[in-house]
2 protein chains.
Amino acid sequence: MDTLARTDMDFEPYHGRRRVVISGVRPEIDAGQFPIKRIVGEKVEVEAWVFSDGHDHVFAELLYRPQDQADWRTAPMEPGRNDVWTGVFRPDRLGPYVYTVRAWIDVFGTWQHDLVKKFEAGQDVSVDLQIGLNLIGEAAGRAPERDGQRLRLSADEVAEQTEQARAVEMATDERLHELMNRYPDPSKVRTYERQLPVTVDRERARFSSWYEFFPRSAAAEPGTPGTLADAEALLPQVAEMGFDVVYLPPIHPIGRTHRKGRNNARTASPDDPGSPWAIGGEEGGHKAIHPELGTLEDFRRFIQAANDLGMEVAMDIAFQCSPDHPYVKEHPDWFKWRPDGSVQYAENPPKKYEDILPIHFETETWRELWEELTGVVLFWAEKGVRAFRVDNPHTKPFAFWDYLIGRVKAKYPDAIFLAEAFTRPNVMYRLAKVGFTQSYTYFTWRNARNEIVEYMQDLTRTEVAEHFRPNFWPNTPDILPQVLQFSGRPAFMTRLVLAATLSSNYGIYGPVYEQMVSAAVAGREEYLDSEKYEIRHWDRRRAGTLVPLIERINRIRRENAALQQTRDLHFLEIDNPLLLAYAKADEDETNFVVVVVNLDLHHRQSGWVRIPLERWEMDPSQPFMAHDLLSDDRYIWQGEWNYVELDPQLTPAHLFVLRRRLRREMDFDYFM
Amino acid sequence: MDTLARTDMDFEPYHGRRRVVISGVRPEIDAGQFPIKRIVGEKVEVEAWVFSDGHDHVFAELLYRPQDQADWRTAPMEPGRNDVWTGVFRPDRLGPYVYTVRAWIDVFGTWQHDLVKKFEAGQDVSVDLQIGLNLIGEAAGRAPERDGQRLRLSADEVAEQTEQARAVEMATDERLHELMNRYPDPSKVRTYERQLPVTVDRERARFSSWYEFFPRSAAAEPGTPGTLADAEALLPQVAEMGFDVVYLPPIHPIGRTHRKGRNNARTASPDDPGSPWAIGGEEGGHKAIHPELGTLEDFRRFIQAANDLGMEVAMDIAFQCSPDHPYVKEHPDWFKWRPDGSVQYAENPPKKYEDILPIHFETETWRELWEELTGVVLFWAEKGVRAFRVDNPHTKPFAFWDYLIGRVKAKYPDAIFLAEAFTRPNVMYRLAKVGFTQSYTYFTWRNARNEIVEYMQDLTRTEVAEHFRPNFWPNTPDILPQVLQFSGRPAFMTRLVLAATLSSNYGIYGPVYEQMVSAAVAGREEYLDSEKYEIRHWDRRRAGTLVPLIERINRIRRENAALQQTRDLHFLEIDNPLLLAYAKADEDETNFVVVVVNLDLHHRQSGWVRIPLERWEMDPSQPFMAHDLLSDDRYIWQGEWNYVELDPQLTPAHLFVLRRRLRREMDFDYFM
């Protein structure tokens, strides 16, 4: 196979014999500067405009390969309206892939097409037949032995026909056309000028359920600080709820200088534990474990226990230092120093965060700094961690993340990076482009119907869907949104269903969510008595928590492929603006899910929802079953428009799976 | 000024100190592969997303220059919502320009912003002031002498202030900020990785009125073949009608072999003149003039006469040959030969065009061929022709046009190429991208309201507007559209108004349009007794022609800048679907035109049209005058919604110019 150069035009300006044009190749992010994202086995559908001057037919094929292999694999492309050609490939292993498009004038196909037209118009085509035989002869010369023989045999058969009708029929055989298109004149083949990258991740990059908790609050009894061993004891409960990623806030030593007290007080009392994000003390920095939590060995055991339960552990990567971090003494050049000799604290004027020093990424010794920080992630990857939730990545240079994630994924292509960025859209998307696997989102503050619809359109219907994988969190230790402060259980239920069904990646800051904690610092979206600044204890045996609902939703997610992806999402027409309805289907179109959510957290709402029977090729004359997996109720529906009713005090949503082959099932259910 | 390299990333991967990001630069055609188009003095508005990690402010400026000059000129950019920065420049001469964007972290601006916040929060800012003074000192070191002194003086003044409030005030001066941003740290400046091209044409590329006629039909009296001298005698009439481009079908010798007879008959009688597009005979080829039309000297005189009347001459460039063309003997390798030794005629199976041989652009000697054909255009350019209407460019390779137009415009940057392409959208647009100045369009077949609206949205609201300049023709010698065959005078009037007001470039195949010739070959869109195959004579003194309407419309176009551009077009709400209403304004927003067209060619229609008062910053409480330049009627309107009524037998359209400063004018008109 040929290797790719830059555009033919660049090397051989105006090459007159390469007439085909390839343009508008999609997906293509910023002229190929950044990769699209897929998981192993996931479809990559590539489109291109392929055309030429004149009336000649063209032929296009898709080229793709793992980046570290030299040979292209090919996949067929099919022509559609307006010169659009489409092809599909599926990467079959982790790591970077590239793809591009190759095309040429389909000289033989054009000839076949014209031959038929002339013959049918009663013209003598003997000279035309000879032209075609010459074409076959040329291709035979380019083909390897066996195909060359095949082509020559076909040509001989056509040439020997005495009856012109029969010769035309044989010469216009479609298999002959296909064989000819394997051996185009290479001087007339054009390859698209860019090779477009793909990052291929493992399945959990696309489908994951995250559970966050503070190990120091994990003690079995109140009053004592929890340890990694205590946290390990909680893992079976987390697994039973159906989560697959256990995410811990930083577990490193915490600084003492300017340590924050409870509720973010400027001064701490001696027994205040400090914020886990004020990383580093005498006991060590980003590669150390807080002695009160345990040892590296305890952490290894924690990881193993999670793995044994089918889960994995995500670490918090927060690149900032307490004033006591060893880096401050060892690498003063990695911090900003003020003219008076004091170190620059983190601040967002006029606010100050005295327990944290930001790292000075623009330092002249940035190469050493970047190397060291990359080493931190590699250190934990060596210990078995493959998921990293990165704190505030939008306050560090994009090029730094490009560097770090590139290095880590070169060694651990299964690594997952979740960006904890809540900032302007361009910054969020740039982080995704430079390598973050998943990202936090604005979902946390999207409550009204139009807000949700518009945001989901941005995420699923634009180029963003190619590189940005949302991870929906209804709460985090930093954010107790207003909707959860004031609307009680219906709010917690609704936000959970929305997060877990709109996005295939979602997570909760767990203990407080299960228990529906809603007490906030007055006028703010900050938890009162936040675990960030003190040790809490959660009574997990309490009745009335959300645990059963969480468990059910996670099971539904595991059992329905439609919910294991985010891109195939369609909002449905519904005649009540307080109800939100959407549908998802899996790639095979065998699993159809319809979700109807009551966005009115106070009143019963009802309406008629339109089921997309046509899109899913369902027969509108046949009844079908809508099985609500949340309530286990089953409805026999028929036709597009169907009635729904939801009482927020009882259930926030319908989560229907539709069954197409209904007749037998219906009889069965009906008479049971 | 610095020169541009490819992306910084490419040369110095992960440069840690260059934190600013520039992306989404628009307009940008196919990653900068093709130029946008403008005329001299026309605005180029450039947008880019410019942002950085963190909370630092950024600063961006637009760079542009004529391609042949090394030094960049700069234009300011202004930040808008969501990190979008916008800047404007106006190319001031013909030929290629390039532009790009340069940006950096606005360190000093960020510092000023934070300083004010801290000071206002009551913090001591003495150390912060020192940081700022250090920044000023560094910039002073980079600045040339005078600005260096200015910066040092400012720093000294701030340093000497004993009162902190006063020091803060002086340090946060906006002029100081501007001065600082002239001398950013070059190691932290990023320039966008691509230089984006602009083709700068003369005004007629954007605003032109074309008139096509056959010189051989131009004789003063019927029965004799017209000459270039006869054609010259018609020029004053064409100029009086207000056209500025006189376009002649090919004026070269016509082949005799397989010459077509009247109405495209397969055999010609001896006195049939043949199709002018069957170019070449014993008398010469593409550089010769048909002896019956005159001499090269006559043609020069014709050009001069047109120029003297404020018009220019457009030639027809049809790269195809009659079998008698000198090329056929001299360069047999430029044609396709069949296995039986015969030459390949033009055909579109099963149709044959025996009077024309297509040129074989894929020939192995394509370089010589392209050189020769480019020479044809250069030959006529040397004779004073600067406008070329190119016949069927979509049947020749795109790379060929790229080559030819590039060569010609390098020598004659004022050359205009009109593509006579009626084919698939991608092919049309590609021809524009590779260099055609203007193009024929689908307008000829767009009659219904939604067809016109959708097509105009494609042309004005998408990237197409950046490179594709439409030229609207209601008819051509090849196309007598159905609407003109069956709907009489109202159709000719309506189509003329639409062409001349929707598009700033338009043209008519004149004599038959003036006389409203509607006789077609049965069932086809082909003129009966077409001038393509015979000599006709048109009685220009006949009463009742469209000449007065044409003259009036061309005058209105000349007097209203709003109609001299196509991109600023907005369809207006109107409550009758048979009426089409649209508005145009010039770049200065001093000329406001509203057109209302009755698309019902048979019945009187009326309705209420909504005038975009808000867009044009007109006071809705003030009456204003709508002056119909077609009828010369004046209406006093007030408010957004106003009544219109059109009878197709009387007038096809209103062509209002709106006058904002109405009060005085109204009084004046009113009492006259």
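It should be emphasised that the depicted structure is a prediction, and the values quoted were computed from it without experimental measurement.

Procedures and definitions
- Residues numbered from 1 in each chain as written.
- Chains lettered and ligands numbered in written order.
- Predicted model: local features only at pLDDT ≥ 70, side-chain atom pairs only at ≥ 80, totals over all residues.
- Heavy atoms only, no water.
- Helix = DSSP H or I, 4+ residues; strand = E, 2+ residues; numbered from the N terminus.
- Buried < 20%, exposed > 50% of the residue type's maximum accessible area, 1.4 Å probe, protein only.
- Contact = heavy atoms within 4.5 Å.
- Areas by Shrake-Rupley, 256 points an atom, 1.4 Å probe, with all protein chains shown as cover.
- Lys, Arg positive; Asp, Glu negative; His and termini not counted.
- Charge placed at Lys NZ, Arg CZ, Asp CG, Glu CD.
- Least-squares fit on C-alpha atoms with pLDDT ≥ 70 in both.
- Salt bridge = Lys/Arg side-chain N within 4 Å of Asp/Glu carboxyl O.
- Pairing = 2+ DSSP bridges.
- Polar contact = N/O pair within 3.5 Å; in protein donor to acceptor, adjacent residues only side chain to side chain.
- Nonpolar A, V, L, I, M, F, W, Y, C, P; charged D, E, K, R; others polar.
- Core = buried A, V, L, I, M, F, W, Y, C linked by side-chain atoms within 4.5 Å.
- Axes fitted to C-alpha atoms, helices over the stretch in contact; angles between N-to-C directions.
- Expected span 1.5 Å × (residues − 1).
- Arc of directions from axis to C-beta.
- Parallel < 35°, antiparallel > 145°, perpendicular 65-115°, else oblique.
- Left-handed = near helix turned anticlockwise from the far one by under 90°.
- pLDDT = per-residue confidence, 0-100.
- Phe/Tyr/Trp six-rings, centres within 6.5 Å; stacked < 30°, edge-to-face > 60°.
- Lys NZ or Arg CZ within 6 Å of the ring centre and 35° of its normal.

**A look at the overall build of chain A**
At step 1: Scanning chain A for helices and strands turns up 19 helices and 28 strands.
At step 2: Principal-axis analysis of the C-alpha atoms places the extent of chain A at approximately 105 × 75 × 45 Å.
At step 3: Expressed as a percentage of the 672 residues in chain A, the buried residues total 60%.
At step 4: A sequence separation of at least 24 residues applies to 75% of the contacts in chain A between residues at least 6 apart.
At step 5: Carbon and sulfur atoms make up 48% of the accessible area of chain A, which amounts to about 27,700 Å² in all.
At step 6: Between the averaged position of the 81 positive side-chain charges in chain A and that of its 105 negative side-chain charges there is a distance of 2 Å.

**Comments concerning the relation of the copies chain A and chain B**
At step 1: In the superposition of chain A on chain B (RMSD 0.1 Å, axial shift 0.0 Å), the rotation amounts to 180 degrees. Between the two chains, the operation in question is that of a two-fold axis. Within chain A, the C-alpha atom positioned nearest to the axis of rotation is that of A:Ala31, 3.0 Å from it.
At step 2: A symmetric contact is evident, with 100% of the interface residues of chain A recurring at the interface of chain B.

**Side note on the pattern of salt bridges**
Any two side chains of opposite charge can pair, so long as their charged atoms come close to each other.
At step 1: Taken as a whole and assessed by the stated rule, the structure comprises 99 salt bridges over all chains.
At step 2: Two residues, B:Arg424 and A:Asp83, come together in a salt bridge whose shortest N-O distance is 2.8 Å. Here A:Asp83 lies in the loop between strand S5 (73-79) and strand S6 (84-89) and B:Arg424 lies in the loop between strand S18 (416-420) and helix H12 (425-434), a pairing that spans two chains.
At step 3: Salt-bridge contacts for B:Arg604 lead to B:Asp647; the nearest nitrogen and oxygen are separated by 3.7 Å. With B:Arg604 in the loop between strand S23 (592-598) and strand S24 (605-610) and B:Asp647 in the loop between strand S27 (641-646) and strand S28 (653-659), this residue pair connects regions lying 43 residues apart in the sequence.

**Details of the pairing of strand S7 (residues 95-105) of chain A**
Regular strands place their side chains on alternate faces of the sheet.
Residues and elements named next belong to chain A.
At step 1: Of all eleven residues that make up S7, ten are buried, and the element is covered over most of its length.
At step 2: Note that S7 and strand S9 (residues 196-201) share five bridges and pair antiparallel. What sits directly across from Tyr99, in S9, is Leu196.
At step 3: Where S7 meets strand S8 (residues 190-191), two bridges bridge the pair, whose relative direction is antiparallel.

**Some thoughts on the interface of chain A and chain B**
At step 1: In this complex, chain A contributes 61 residues to the contact, which on the side of chain B involves 61 residues.
At step 2: If you look at where chain A meets chain B, you find nine salt bridges.
At step 3: Between A:Glu362 and B:Arg19 there is a salt bridge, with its nearest N and O atoms 3.2 Å apart.
At step 4: Put simply, chain A and chain B have 14 residue pairs in polar contact (both at pLDDT 80 or more) between them.
At step 5: When contributions to the side of chain A that touches chain B are tallied by element, the ones reaching two or more residues are strand S1 (21-26), strand S3 (44-51), helix H2 (107-120), helix H3 (126-142), helix H10 (366-382), helix H11 (398-411) and helix H12 (425-434) of chain A.
At step 6: Looking at which element gives the most residues to the side of chain A that touches chain B, the answer is H3(A), with five residues.
At step 7: Residues belonging to the side of chain A that touches chain B are distributed by class as follows: 22 nonpolar, 15 polar and 24 charged.

**Side note on the nonpolar core**
At step 1: Core analysis: the largest hydrophobic core is formed by 163 residues, its most contacted members being A:Val101, A:Phe299, A:Phe319, A:Trp401 and A:Phe417.
At step 2: Counting residues per element, this core draws most heavily on H10(A), which supplies ten residues.
At step 3: With 161 residues, the next largest nonpolar core counts B:Leu235, B:Tyr327, B:Ala491 and B:Tyr527 among its residues.

**Let's talk about the sheet that holds strand S11 (residues 245-247) of chain B**
Residues and elements named next belong to chain B.
At step 1: Here seven strands make up an open sheet; going across it, the order is S19-S18-S17-S12-S11-S10-S20 and the pairing parallel. Either end of the sheet is taken by a strand with one partner, and the two such strands are strand S19 (438-439) and strand S20 (505-509).
At step 2: Bridge count for S11 against strand S12 (residues 312-317) is three bridges, and the pairing is parallel. Counted as the bridge partner of Tyr247 is Ala314 from S12.
At step 3: Helix H10 (residues 366-382) rests against S12, strand S17 (387-391) and S18 of the sheet, and its axis sits at about 150 degrees to S17.

**So, helix H8 (residues 296-308) of chain A**
All names here are of chain A.
At step 1: Helix length check: H8, at 13 residues, gives a terminal C-alpha distance of 18 Å against a target of 18 Å (1.5 Å per residue), a fit within 8%.
At step 2: Within the span of H8, buried status applies to Asp298, Phe299, Phe302, Ile303, Ala305 and Ala306. Buried residues of H8, seen end-on, are gathered within an arc of 165 degrees and therefore sit on one face of the element.
At step 3: On its buried face, H8 sits against helix H7 (228-240), strand S11 (245-247), strand S12 (312-317) and H10.
At step 4: Phi for Gly310, located one or two positions after H8, is positive at around 80 degrees.

**Concerning the side chain of B:Lys396**
At step 1: Relative to the helices and strands, B:Lys396 resides in the loop between S17 and helix H11 (398-411).
At step 2: Although B:Lys396 is buried, it forms no salt bridge, and the closest oppositely charged side chain is B:Asp391 at an N-O distance of 5.3 Å.
At step 3: In terms of polar contacts, B:Lys396 uses its side chain to reach the backbone carbonyl oxygen of B:Asn392, at 3.2 Å.
At step 4: For B:Lys396, the residues in contact, after removing those within four places along its chain, are A:Asp53, B:Phe319, B:Phe361, B:Asp391 and B:Trp401.

**Describing the sheet that holds strand S26 (residues 634-637) of chain B**
All names here are of chain B.
At step 1: With antiparallel pairing, six strands are arranged side by side in an open sheet as S21-S22-S23-S28-S25-S26. Only two strands of the sheet have a single neighbouring strand rather than two, namely strand S21 (569-571) and S26. Between one strand and the next, the sheet's axes are offset by a mean angle of 25 degrees, whatever the strand orientation.
At step 2: When strand S25 (residues 624-628) meets S28, the two strands line up antiparallel, connected through four bridges.

**What to know about the environment of A:Thr365**
Residue and element names in this part refer to chain A.
At step 1: When you line up the elements, Thr365 lands in the loop between strand S16 (357-358) and H10.
At step 2: Taking relative accessible area as the criterion, Thr365 reaches 24% and is therefore assigned partly exposed.
At step 3: Those residues in contact with Thr365 that lie beyond four places of it in its chain are Asp333 and Trp334.

**Digging into the environment of B:Gln123**
At step 1: Mapped onto the elements, B:Gln123 comes out in the loop between helix H2 (107-120) and helix H3 (126-142).
At step 2: Residues within four places of B:Gln123 in sequence aside, it is in contact with A:Pro350, A:Lys352, B:Lys118 and B:Gln164.

**A look at the packing of helix H16 (residues 488-502) of chain A against helix H18 (residues 547-559) of chain A**
All names here are of chain A.
At step 1: In contact at an axis separation of 11 Å, H16 and H18 are set at 15 degrees when each is read in the N-to-C sense. It follows that H16 is roughly parallel to H18 by the angle criterion. Judged by the twist between their axes, the crossing of H16 over H18 is right-handed. Residues Met493, Leu496, Val497 and Ala500 of H16 touch H18, and the partners they reach there are Leu549, Ile550, Ile553 and Arg557.
At step 2: Of the residues belonging to the contact of H16 with H18, the class tally is seven nonpolar, no polar and one charged.

**Digging into the confidence of the model for chain A**
All names here are of chain A.
At step 1: Looking at chain A as a whole, the pLDDT averages 94, with 96% of positions reaching at least 70.
At step 2: Per-residue pLDDT stays below 50 along residues 1-11; that stretch engages in 22 contacts with residues further than four places along the chain or on separate chains.
At step 3: The low-confidence segment residues 662-672 (pLDDT under 50) makes ten contacts with residues lying over four places distant or belonging to another chain.
At step 4: Across the predicted assembly, pTM comes out at 0.93 and ipTM at 0.92.

**Re unusual backbone geometry**
Leave glycine aside and you will find that most residues have negative phi; peptide bonds, for their part, are mostly trans.
All names here are of chain A.
At step 1: Across the junction of Arg26 and Pro27, the peptide omega takes the value 0 degrees, indicating a cis bond.
At step 2: For Pro27, the location among the structural elements is in the loop between S1 and strand S2 (36-39).
At step 3: The omega torsion of the bond from Pro349 to Pro350 falls at 5 degrees, within 30 degrees of zero and hence cis.
At step 4: Examined against the element boundaries, Pro350 turns out to sit in the loop between strand S14 (346-348) and strand S15 (351-353).
At step 5: One non-glycine residue with positive phi stands out, namely Asp30, at about 50 degrees.
At step 6: With respect to the helices and strands, Asp30 occurs in the loop between S1 and S2.

**What to know about the packing of aromatic side chains**
Residue and element names in this part refer to chain A.
At step 1: The full count for this structure, using the stated rule, is 84 aromatic pairs over all chains.
At step 2: Site record: aromatic cluster; members linked through ring pairs are Phe319, Phe361, Trp366, Trp370, Phe388, Phe400, Trp401, Tyr403, Phe417 and Phe436.
At step 3: The ring of Trp49 is capped by Arg26, whose NZ or CZ atom sits 5.0 Å from the centre of that ring.
At step 4: Residue placement shows Arg495 over the ring face of Phe443; its charged tip is 4.1 Å from the ring centre.

**Section: the packing of H2(B) against H3(B)**
Residue and element names in this part refer to chain B.
At step 1: Axis separation between H2 and H3 bottoms out at 10 Å; the angle between their running directions is 160 degrees. Considering their axes alone, H2 and H3 lie roughly antiparallel with respect to each other. Crossing hand, H2 versus H3: left-handed. Residues Val107, Phe108, Trp111, Leu115 and Lys118 of H2 form the contact with H3, whose own contacting residues are Asp128, Leu129, Ile131, Gly132, Leu135 and Ile136.
At step 2: Looking at side-chain class alone, the contact of H2 with H3 contains eight nonpolar, one polar and two charged residues.

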